[in-house]
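Single-letter residue listing:
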Number of protein chains: 4
Amino acid sequence: MVGGGGPKSFFGAPHRRAILMDNTAELTAGALRSNPEDSLSDARELFFARGYPDWRSLVSSESALPEGERIDYLTIVTPNDAHFGPAEAALGTGIAVLSEKPLTTNLDEARQLQALVLSREVPFLVAHTYTGYPMVMLARELVMGGAIGEVRKVEAWYRQGWLSTRREADGNKQASWRADPAKAGASGCGGDIGTHAYIFIRFAAGLHAVRLLARMKSVVPGRPLDDDFTVLAELNNGAIATVSASQITTGAENDNGVRIIGTTGTLTWSHIRFDELEHCVGGQPVRIYRQGADTSYLPGSIRPYLRLPAGHPEGFHEALANLHRTLEWTIRRARGEPSPQPFAHPGIADGVAGMAFIEAAVQSARGGGWVDVPRGG
Amino acid sequence: MVGGGGPKSFFGAPHRRAILMDNTAELTAGALRSNPEDSLSDARELFFARGYPDWRSLVSSESALPEGERIDYLTIVTPNDAHFGPAEAALGTGIAVLSEKPLTTNLDEARQLQALVLSREVPFLVAHTYTGYPMVMLARELVMGGAIGEVRKVEAWYRQGWLSTRREADGNKQASWRADPAKAGASGCGGDIGTHAYIFIRFAAGLHAVRLLARMKSVVPGRPLDDDFTVLAELNNGAIATVSASQITTGAENDNGVRIIGTTGTLTWSHIRFDELEHCVGGQPVRIYRQGADTSYLPGSIRPYLRLPAGHPEGFHEALANLHRTLEWTIRRARGEPSPQPFAHPGIADGVAGMAFIEAAVQSARGGGWVDVPRGG
Amino acid sequence: MVGGGGPKSFFGAPHRRAILMDNTAELTAGALRSNPEDSLSDARELFFARGYPDWRSLVSSESALPEGERIDYLTIVTPNDAHFGPAEAALGTGIAVLSEKPLTTNLDEARQLQALVLSREVPFLVAHTYTGYPMVMLARELVMGGAIGEVRKVEAWYRQGWLSTRREADGNKQASWRADPAKAGASGCGGDIGTHAYIFIRFAAGLHAVRLLARMKSVVPGRPLDDDFTVLAELNNGAIATVSASQITTGAENDNGVRIIGTTGTLTWSHIRFDELEHCVGGQPVRIYRQGADTSYLPGSIRPYLRLPAGHPEGFHEALANLHRTLEWTIRRARGEPSPQPFAHPGIADGVAGMAFIEAAVQSARGGGWVDVPRGG
Amino acid sequence: MVGGGGPKSFFGAPHRRAILMDNTAELTAGALRSNPEDSLSDARELFFARGYPDWRSLVSSESALPEGERIDYLTIVTPNDAHFGPAEAALGTGIAVLSEKPLTTNLDEARQLQALVLSREVPFLVAHTYTGYPMVMLARELVMGGAIGEVRKVEAWYRQGWLSTRREADGNKQASWRADPAKAGASGCGGDIGTHAYIFIRFAAGLHAVRLLARMKSVVPGRPLDDDFTVLAELNNGAIATVSASQITTGAENDNGVRIIGTTGTLTWSHIRFDELEHCVGGQPVRIYRQGADTSYLPGSIRPYLRLPAGHPEGFHEALANLHRTLEWTIRRARGEPSPQPFAHPGIADGVAGMAFIEAAVQSARGGGWVDVPRGG
């Protein structure tokens, strides 16, 4: 694990819980903080088998170990600008990677990583955690199986309220780096959560944007990057889409979701009711799929990702653990070991697409008109 | 209309709106208040064609008019102890009746009315308004059509909070007569709203109680009648049931509902989401029937009771108007006039059953054990 | 009443119920259909006191009657292209008007009506029925009272599914005129329901658009007008807004709503839960205002619009009746008669604003960029 | 850990995840299955540090190890009849215990364990997992803090549908032992889930039953134990209560919950929306506390039990992990080590009370009348 240490990390501990909970993996190697001494002491305190002062030493030492002793994969939980370095290094030595999103801070770096993944054939996942919820996975399976006909429109959204005041000015570490273009990239809200919303279009609807128009606003006075982000898009099959992300929806929790509108039905998922998927068909009762119900109706591709008997809710940790599970199974398969079939969770192409999407959005927001999304978006 | 006048009547105005809204009936004759002068002036102010000082003169005058000029039916909106008199008088002259519930204040009077209805063959309805909601009607149709198999258990409830303080001591008219055994009968909460809950068992599940055990409590100090009422029952097909009614659920609105559990499925309706009916079947997505949806799936027996295009909610007034509609259509049919098929809304037998249910409950609550429900319960 | 007759009218009967239910008005004069004979026979069958062959004769005859005998106001329930004529005629003779939306089929006509209303000082209301729901009225009062601070963003939406197939090709009358530019105006979805969504911004947030960008699409093949309509807007106080309307959200009922995001809180209302208003404030429990609750907390400006005791839902008919109530009270006040204070329901300025909004949207959608909203938008 | 091995265990794996996820504990010693060989091989496969053939050898070997090397506490995940043995043995050697519920199969054994816990002063917890949800903990804190005044009534329920067919006849292991009086005790549904519901009364409302009346039914033909269980109770402060548990609510998931009605407010929690707590007060908007919201409003006693930033749902595993956390902190405090304040999760007295409650219910159901709950209920 690179990053994720210290008392103020949002997602270090969740990744550790996701890794540990299934009793199939251990915390092996850690370079958890930017300061080398903190990095070593955090690794000790958090029971990592091996601590390192920084990611460079982690990657060089681990890759020098014989296979079977070295880490199976590297989890990257750093601010956006520190994803590329360790990812490139790990991939270069053939070590698999699970990286936090967005993939990088610009499209060029994203494509460099993609080239490495493809040439070295190394498993790579991007932590679009919401795609790990079984009900989002079910949305994908239903769309792919034709349950709503041909997709005509997709609405994806992500509403938060935590930046409705200028918390970066109060020394909030999470708010600070997100408001700093050098660390976050050219888009604040778009990069941080707009990419999550966009990936729903790729993952659940199986489509991608080819042309878009964006409005990016800094609503809170004094904030250099956007905290409100809206995109109108045209998708590769001719469908239309909207992607709305906002960090200034005062009082909102973490309300992301997607509505996929097809010729014969509509699917709606919202994180606020993460354990439900709504399926509307005209002239029929609304169907509510519930993760907690007797899930004998779930497709075989999803059942290996459930842990509890019917009626016992699994939440964010398990969604994240499902991504680790997919990577673990992908690695096992690459080694020729037996493993369940891993699900199609977001990989390097989705990471690149997220960056292309943001780059087009930034360009459009500046010009005020429609632009083409770069190749791979 | 008998009763329902004055500024403090709860349900006089709703009945008037229910009568008027469909443009198929008029306010013809009114004896709206206990004081003769108020009665006459209220009838004028409320645009009744003919005002009367009291229900006796109303019934005698109207019954003396030639058919076609006299009222089609009498709506009774008085406190419980003043249901029997006008109902008996109207039935005796062959005038149809829509009476507020509970039917009377004791079982004997209820049976007298039943005898009159049967011997004179006069249409008679009891205002169990909640059975007028299309989604409750759908529950009945689904049960009757076998959608949930054989019924094994029914839970019916009615929770209110408005009597969680001693409002009868503050001069609240509605609270006062409900707390007075002479006006309300032997049960307060049970008679007022427990009967509503019990009728769900008869109407929606098509069953009735044969044996029961009751707990009746006066929770608020100083109140002579029960304000909390719970019954365990055995039904005629061997199924079990619970009927819970409470007026002291602080902050509750008007939360009545029913859950009907069958061998193959469960139906749940709650007044809080009156426009939805939930149908659970193991191993399948939950189905939500919505009154406002494209209702082409509703059975033909219910569609004549809908007024608005899909997606436009109808509420309590329309549920009440549906009972008036059923009575109107029943009268038309009795006269050999063309009319849609009236739905099986609660009639005299249900009114009698409600009184038998209450009488058994009072007896059980006193003795603390199981008792048989009198014939007709 | 002009229009609203015949077996296929959507909203004629709802308006009649809204007029009748409160027992304060009667159906006086009707010119209900385009064919003069049908118009006369419908008026008879629907118990109008006076039937007319067409709106011209209705207006000329009624205006010739002495005050006190002629109609108090004219309700216009025709397709969009037939709003202007009867409205202009009625206003010209000083008769008040409640017109269906959108006000006209173009901005010029709208301004002509506005000039008449202002010069003749005649009461005029536009039937933006959703503003008649008490919870939408409460949203306005909370915003005006500062409950969410300064408004920063408004999201308004309207999702329907009934045009997800080409029903206009099947002879559906409601679908046909809505798909015909000559009858509907330059925008299909935008004019029909986009205006409803936009008016939430004016009514509930008290703001209006000054600049906008629109995407208008005909998603269903062969449809000449837009069936999906999305607008990004800048409001007069600098806030941003989105207005999304769609008729191709397969399986959706009538899901319109608004989210108003302020510096200190967010209000959300959706027609699917029309009886609730959600108020989110960071660091506090979510507050759910419920129309059916003990509504002693509602402001005095709203309470005269409630009809039922707590816990008894009022729906679409009552929302519509509330607009009639506002117009009735406005007329009474104009005559110097006693009346409760009418609420600020949408009037002529809102009707003009809706047309300006649509006109700007059509212009933007053609050009693909941002445009200024004409004066009065 | 005793029990919880094998492919058919419901709750072995959840306990292991709960133990591992927080990175503060390890799987040390296991006697996971009834067959000694399976027990040893399962311990190996599940990465326990030390495997044992049975619980006797586990307790004797572990207790012989020096403190610091032996297990900190024993988790018991066996069928009901196998709780007592290992619990008694562990307590006898001073080893702390977290036992699945119900505590034992009869009241006598429960009291023996209680005597041991008291005399030896050993930490002991019963796995009433639902009390580990932060919103249930909040309910308790609100009641204790006077937020709803004096408690007048409690409704507790638990509805499942998985035994609506005779699954024990199909070889379902979980269904089989639950239907066997020798393994499950004198009550099936009551013991298995009725105790969960009853504990809500003790935990969230801080009250207990002193007198009760029960109906216990075997609804599914051929089942020797009750699958439907209803209790009316009187509580120690004079309040009334109902406890309803059912395993035949076809299609129900795992719908347990509690409604606590006080003189000034009502709290309602349901497992179906485990992340919400509803607080109703007359004349005020409903307040929805959400676990996922900005939880700065949560009392300090609950915050140490939250793991994720606002808006990220924690589910059943975390609720269970919260009980392990409480036991761990209790042990640390008992040793004089620093630790956060453990919450008042159910301990030995609650386990005894559950057995007293069931014993009284069985007695009442046989006799058909009210009975006193034995001391400690």
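Since this is a predicted model, take the numbers as computed values, not measurements. (Residues numbered from 1 in each chain as written. Chains lettered and ligands numbered in written order. Predicted model: local features only at pLDDT ≥ 70, side-chain atom pairs only at ≥ 80, totals over all residues. Heavy atoms only, no water.)

### Comments concerning the packing of helix α9 (residues 189–205) of chain C against helix α11 (residues 348–367) of chain C
For any two helices packed against each other, one specifies the inter-axial angle together with the distance between the axes.
Residue and element names in this part refer to chain C.
Move 1: Contact geometry of α9 with α11 gives a least axis separation of 9 Å together with a crossing angle of 120°. In terms of orientation, α9 and α11 fall into the oblique class. The chirality of how α9 crosses α11 is right-handed. In contact with Gly 190, Gly 191, Gly 194, Thr 195, Tyr 198, Ile 199 and Arg 202 of α9, α11 contributes Ala 349, Asp 350, Ala 353, Gly 354, Phe 357 and Ile 358.
Move 2: Its residues assigned to classes, the contact of α9 with α11 shows six nonpolar, five polar and two charged. (Axes fitted to C-alpha atoms, helices over the stretch in contact; angles between N-to-C directions. Helix = DSSP H or I, 4+ residues; strand = E, 2+ residues; numbered from the N terminus. Parallel < 35°, antiparallel > 145°, perpendicular 65-115°, else oblique. Left-handed = near helix turned anticlockwise from the far one by under 90°. Contact = heavy atoms within 4.5 Å. Nonpolar A, V, L, I, M, F, W, Y, C, P; charged D, E, K, R; others polar.)

### Side note on the relation of the copies chain C and chain B
To go from the first copy of the chain to the second, apply a rotation about an axis and then a shift along the same axis.
Move 1: Take chain C, turn it by 180°, move it 0.0 Å along the axis, and it overlays chain B with an RMSD of 0.0 Å. Both copies of the chain, as the preceding transformation shows, are related through a two-fold rotation axis. Looking at the rotation axis and the C-alpha trace of chain C, the residue lying nearest is Met 21 of chain C, at 2.2 Å.
Move 2: Looking at chain C, 100% of its interface residues are interface residues in chain B too, so the copies touch through the same face. (Least-squares fit on C-alpha atoms with pLDDT ≥ 70 in both.)

### Structural notes on the sheet that holds strand β4 (residues 73–77) of chain A
Residue and element names in this part refer to chain A.
Move 1: Read from one edge of the open sheet, four strands run β1-β4-β5-β6, paired in parallel fashion. Among the strands making up the open sheet, the edge pair consists of β1 (2–3) and β6 (124–126).
Move 2: Alignment of β1 against β4, held across two bridges, turns out to be parallel. Following the sheet pairing, Val 2 is matched in β4 by Ile 76. (Pairing = 2+ DSSP bridges.)

### Quick look at the domain arrangement of chain A
Residues and elements named next belong to chain A.
Move 1: Domain parsing of chain A yields domain 1 (2–129) and domain 2 (133–304 + 351–367).
Move 2: One C-alpha centre belongs to domain 1, the other to domain 2; they are set 26 Å apart.
Move 3: Listed by partner, the interface residues are 20 residues for domain 1 and 18 residues for domain 2.
Move 4: Both sides together, the interface formed by domain 1 and domain 2 hides about 1,700 Å², and carbon and sulfur atoms give 64% of it.
Move 5: The tally of links between domain 1 and domain 2 comes to one salt bridge.
Move 6: Across the pair Lys 101 and Asp 192 runs a salt bridge, and its minimum N-O distance is 3.3 Å.
Move 7: Taken together, domain 1 and domain 2 are joined by four residue pairs in polar contact (both at pLDDT 80 or more).
Move 8: For the side of domain 1 that touches domain 2, the element with the most residues is helix α5 (residues 107–120), which contributes four residues.
Move 9: Partitioned by chemical class, the residues of the side of domain 1 that touches domain 2 number eight nonpolar, eight polar and four charged. (Domains from an automatic or database assignment. Buried area = accessible area lost by both parts, 1.4 Å probe. Salt bridge = Lys/Arg side-chain N within 4 Å of Asp/Glu carboxyl O. Polar contact = N/O pair within 3.5 Å; in protein donor to acceptor, adjacent residues only side chain to side chain.)

### Description of the UniProt feature "domain: GFO/IDH/MocA-like oxidoreductase" (unreviewed entry) in chain A
Move 1: UniProt's entry tags residues 138–267 of chain A with the feature "domain: GFO/IDH/MocA-like oxidoreductase" (unreviewed entry), counted in the numbering of this structure.
Move 2: The span residues 138–267 of chain A shows a helical share of 26% and a strand share of 33%, and its end C-alpha atoms are spaced 10 Å apart. (UniProt positions renumbered as here; feature names shortened; annotations may be inferred.)

### Things to note about the environment of Phe 343 of chain D
Residue and element names in this part refer to chain D.
Move 1: Examined against the element boundaries, Phe 343 turns out to sit in the loop between α10 (316–334) and α11 (348–367).
Move 2: Residues Phe 343 and Gly 132 lie 211 residues apart in sequence; the distance between their C-alpha atoms is 9.3 Å.
Move 3: Setting aside anything within four residues of it in sequence, one finds Phe 343 in contact with Met 137, Arg 140, Glu 141, Phe 203, Ser 301, Ile 302, Tyr 305 and Thr 326.

### A few points about helix α3 (residues 55–64) of chain A
All names here are of chain A.
Move 1: For α3, every residue scored as buried is listed here: Ser 57, Leu 58, Val 59 and Glu 62.
Move 2: Of the surrounding elements, those touching the buried residues of α3 are β2 (29–30), β3 (50–51), β4 and α4 (84–92).
Move 3: Measuring from the side-chain oxygen of the N-cap residue of α3 to the backbone nitrogen of Arg 56 gives 3.2 Å; that N-cap residue is Asp 54. (Buried < 20%, exposed > 50% of the residue type's maximum accessible area, 1.4 Å probe, protein only.)

### Re the packing of aromatic side chains
Move 1: Counted according to the given criterion, the structure contains 62 aromatic pairs over all chains.
Move 2: For the ring pair Phe 11 of chain A and Phe 316 of chain A, a centre distance of 5.9 Å and an interplane angle of 40° mean the geometry is tilted. Taken together, the residues span a long stretch of sequence, with Phe 11 of chain A in the loop between β1 and α1 (12–21) and Phe 316 of chain A in helix α10 (residues 316–334) at a distance of 305 residues. A single burial state applies to Phe 11 of chain A and to Phe 316 of chain A, both of which are buried.
Move 3: Ring centres of Tyr 305 of chain C and Trp 329 of chain C lie 5.1 Å apart, and the angle between their planes is 55°; this geometry places the pair in the tilted category. Here Trp 329 of chain C lies in helix α10 (residues 316–334) and Tyr 305 of chain C lies in the loop between β14 (286–290) and α10, a separation of 24 residues in the sequence. Exposure class is identical for Tyr 305 of chain C and Trp 329 of chain C. Each is buried.
Move 4: Stacked on the ring of Phe 203 of chain A, the Lys or Arg Arg 140 of chain A has its end atom at 5.4 Å from the ring centre. (Phe/Tyr/Trp six-rings, centres within 6.5 Å; stacked < 30°, edge-to-face > 60°. Lys NZ or Arg CZ within 6 Å of the ring centre and 35° of its normal.)

### Describing the interface of chain C and chain B
Move 1: In this complex, chain C contributes 35 residues to the contact, which on the side of chain B involves 35 residues.
Move 2: Three residues stand out in chain C for area buried against chain B, namely Arg 17, Asn 23 and Glu 253 of chain C, and they jointly supply 21% of the buried area on that side.
Move 3: Where chain C packs against chain B, one counts six salt bridges.
Move 4: Put simply, Arg 273 of chain B and Glu 276 of chain C hold a salt bridge, and the shortest N to O gap is 3.1 Å.
Move 5: One can count 18 residue pairs in polar contact (both at pLDDT 80 or more) joining chain C with chain B.
Move 6: Breaking the side of chain C that touches chain B down by element, the ones donating at least two residues are α1 (12–20) and α10 of chain C.
Move 7: If you tally residues by element for the side of chain C that touches chain B, the top one is α1 of chain C, at four residues.

### A short note on the relation of the copies chain C and chain A
Move 1: When chain C is fitted onto chain A, the two copies agree to an RMSD of 0.0 Å after a turn of 180° and an axial shift of 0.0 Å.
Move 2: A shared interface surface links the copies, since 100% of the contact residues of chain C are contact residues in chain A too.

### A short note on the pattern of salt bridges
Residue and element names in this part refer to chain D.
Move 1: Taken as a whole and judged by the stated rule, the model has 104 salt bridges over all chains.
Move 2: Where Arg 290 meets Glu 276, a salt bridge forms, and the shortest distance between an N and an O atom there is 2.6 Å. With Arg 290 in strand β14 (residues 286–290) and Glu 276 in strand β13 (residues 276–280), the pair connects residues that are 14 residues apart, well separated along the chain.
Move 3: Judged by its relative accessible area of 8%, Arg 290 is buried.

### A word on the nonpolar core
Move 1: Within the largest apolar cluster, 222 residues are counted, with the highest numbers of intra-cluster contacts made by Leu 212 and Trp 269 of chain B together with Leu 212 and Trp 269 of chain C.
Move 2: In this structure, Leu 212 of chain C is in contact with Val 231, Leu 232, Ala 233, Phe 357, Ala 360, Ala 361, Ser 364, Gly 369, Trp 370, Val 371 and Val 373 of chain C, ignoring residues within four places of it in sequence.
Move 3: Counting residues in each nonpolar core, the second largest holds 220 residues, with Leu 267 of chain A together with Ala 43, Ile 193 and Val 243 of chain D among its members. (Core = buried A, V, L, I, M, F, W, Y, C linked by side-chain atoms within 4.5 Å.)

### Notes on the environment of Val 136 of chain B
All names here are of chain B.
Move 1: Along the polypeptide, Val 136 turns up in helix α6 (residues 134–144).
Move 2: Each C-alpha atom of the pair Val 136 and His 271 lies 9.5 Å from the other, and the pair is 135 residues apart in sequence.
Move 3: Once residues within four sequence positions are removed from consideration, Val 136 is found in contact with Tyr 130, Thr 131, Phe 200, Phe 203 and Trp 269.

### Some points on the interface of chain C and chain A
Move 1: Between chain C and chain A, the contact holds 37 residues from the first and 37 residues from the second.
Move 2: Overall, the association of chain C and chain A removes approximately 2,800 Å² of surface from exposure, summing both partners, and the carbon and sulfur fraction of that is 56%.
Move 3: On the chain C side of the interface with chain A, the three residues burying the most area are Arg 152, Arg 215 and Thr 250 of chain C, jointly 24% of the side's total.
Move 4: At the junction of chain C with chain A, the criterion picks out six salt bridges.
Move 5: Two residues, Asp 228 of chain A and Lys 153 of chain C, come together in a salt bridge whose shortest N-O distance is 2.8 Å.
Move 6: Broken down by secondary-structure element, the contributors of at least two residues to the side of chain C that touches chain A are β7 (151–159), β8 (209–217), β9 (228–235), β10 (240–246) and β11 (255–262) of chain C.
Move 7: Looking at the side of chain C that touches chain A, the element that brings in the most residues is β9 of chain C, giving five residues.

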